[in-house]
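An overview of the molecular structure
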Amino acid sequence: MQNVLNALRTLEEVAERQPAGVAELARALGLPKSSVQRALVTLHEAGWIRPAAGTPTRWTVTTKALHVGRRATGELDLRDIAVPVMEELRRLTDETVHLAVPEGGKVVLVERLETSKPVRIVLPLGHVLSPHASANGKALLAAGPAEAVERLIADGLERFTDASITDPAALRAELAAIRARGYATNGGEWRTDVSAVAAAVVDASGTPVASISVNVPSSRMTDGSRAALGAAVRDAARSVGEALGRPPAR
């Protein structure tokens, strides 16, 4: 039983830290390296993780973990509905489009459609996005309950770049602005070279179940393109929400 628990805990840490090496995982888990190594071998043989490029060996989760997570949350239905809308959004913008979902206080990237442009934003599926320093995260925060915002603030707002919002009052004001215009923005708040716009997908009960974003290198984002992309992503998220049973906007 302990070996099973070690393997499951190791899988969770790999998903959180990927790509992650044995020493890093052992420190995070408080386990001997030998125990973590056995867990990694088991997970690899079972198809849950794979080695990343380079040496020393570091590990990332495979799509098997993502697929199981989708089935557990019912997200396969969401993806089936969202992907055609995302494809149209990509056609209109020729920029990378992401689908993210809230999961246990985190925001997880679950689908990606890439731009044809050579300079692009590439994040792995399963990547955990910052709730307050990403467009997807802020869109979900703005559409969710106030209690979630206050819990995040109580835990501390991490600074990633000089543009990151770390002041609670500033975050509350930002979320109010997002509700008013219907989409969130990220202007280099997580990484200086990454900008994005996103809107929450709200289901029939009024619950934010996902967010859709358009992601571009900061060098391609202007005030004009930000507003145009914001309107497009807001319409896309609304279309997915209506397909999930949300009443059409009046």
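Our subject is the structure that appears above.
These numbers were taken from a predicted model, which means no experiment stands behind them.

Helix and strand counts for the protein chain come out as nine helices and eight strands. The globule rule puts the C-alpha radius of gyration for 250 residues at 18 Å, and the 19 Å found for the protein chain is close to it. The C-alpha extent of the protein chain, read off along each of the three principal axes, is 60 × 40 × 35 Å. Expressed as a percentage of its 250 residues, the buried residues of the protein chain come to 44%. Considering only contacts in the protein chain between residues 6 or more positions apart, those separated by 24 or more positions represent 53%. For the protein chain, the separation between the mean place of its 30 positive charges and that of its 28 negative charges on side chains is 3 Å.

For helix α3 (residues 33-45), with 13 residues, the first-to-last C-alpha span of 18 Å sits near the 18 Å given by 1.5 Å per residue. When we look at burial in α3, the residues that qualify are Ser-35, Val-36, Ala-39, Leu-40 and Leu-43. Here the buried residues of α3 occupy an arc of 135 degrees about the axis, which is enough to place them on one side. Exposed and oriented more than 90 degrees from the buried face of α3 are Lys-33 and Glu-45. On its buried face, α3 sits against α1 (2-17), α2 (22-29), β1 (49-51) and β2 (59-61). Just downstream of α3, Gly-47 is the residue with a positive phi angle, here 90 degrees.

The antiparallel open sheet is built from six strands, whose spatial order is β5-β4-β3-β8-β7-β6. The outermost strands of the open sheet, each flanked by one partner alone, are β5 (128-129) and β6 (184-187). Pairing geometry for β6 and strand β7 (residues 194-202), over four bridges, is antiparallel. Within β7, the position partnered with Thr-185 by the bridge is Val-197. Across the sheet, helix α6 (residues 135-143) is in contact with β3 (96-103), β4 (106-113), β5, β6, β7 and β8 (208-217); its angle to β7 comes to roughly 30 degrees.

This next bit is on the pairing of β7. Among the nine residues of β7, nine are classified as buried, and the element is accordingly described as predominantly covered. Where β6 hands over to β7, the hairpin turn is made up of six residues, of which Gly-188 adopts a positive phi near 75 degrees. Note that β7 and β8 share nine bridges and pair antiparallel. Looking at β8, one finds that Ser-195 is bridged to Val-216. A loop of five residues connects β7 with β8, the two strands running antiparallel in sequence, and Gly-206 in this loop sits at a positive phi of about 85 degrees.

Cut-offs used in this document
- Residues numbered from 1 in each chain as written.
- Predicted model: local features only at pLDDT ≥ 70, side-chain atom pairs only at ≥ 80, totals over all residues.
- Heavy atoms only, no water.
- Helix = DSSP H or I, 4+ residues; strand = E, 2+ residues; numbered from the N terminus.
- Rg over C-alpha atoms; globule rule 2.2 N^0.38 Å.
- Buried < 20%, exposed > 50% of the residue type's maximum accessible area, 1.4 Å probe, protein only.
- Contact = heavy atoms within 4.5 Å.
- Lys, Arg positive; Asp, Glu negative; His and termini not counted.
- Charge placed at Lys NZ, Arg CZ, Asp CG, Glu CD.
- Expected span 1.5 Å × (residues − 1).
- Arc of directions from axis to C-beta.
- Pairing = 2+ DSSP bridges.
- Axes fitted to C-alpha atoms, helices over the stretch in contact; angles between N-to-C directions.

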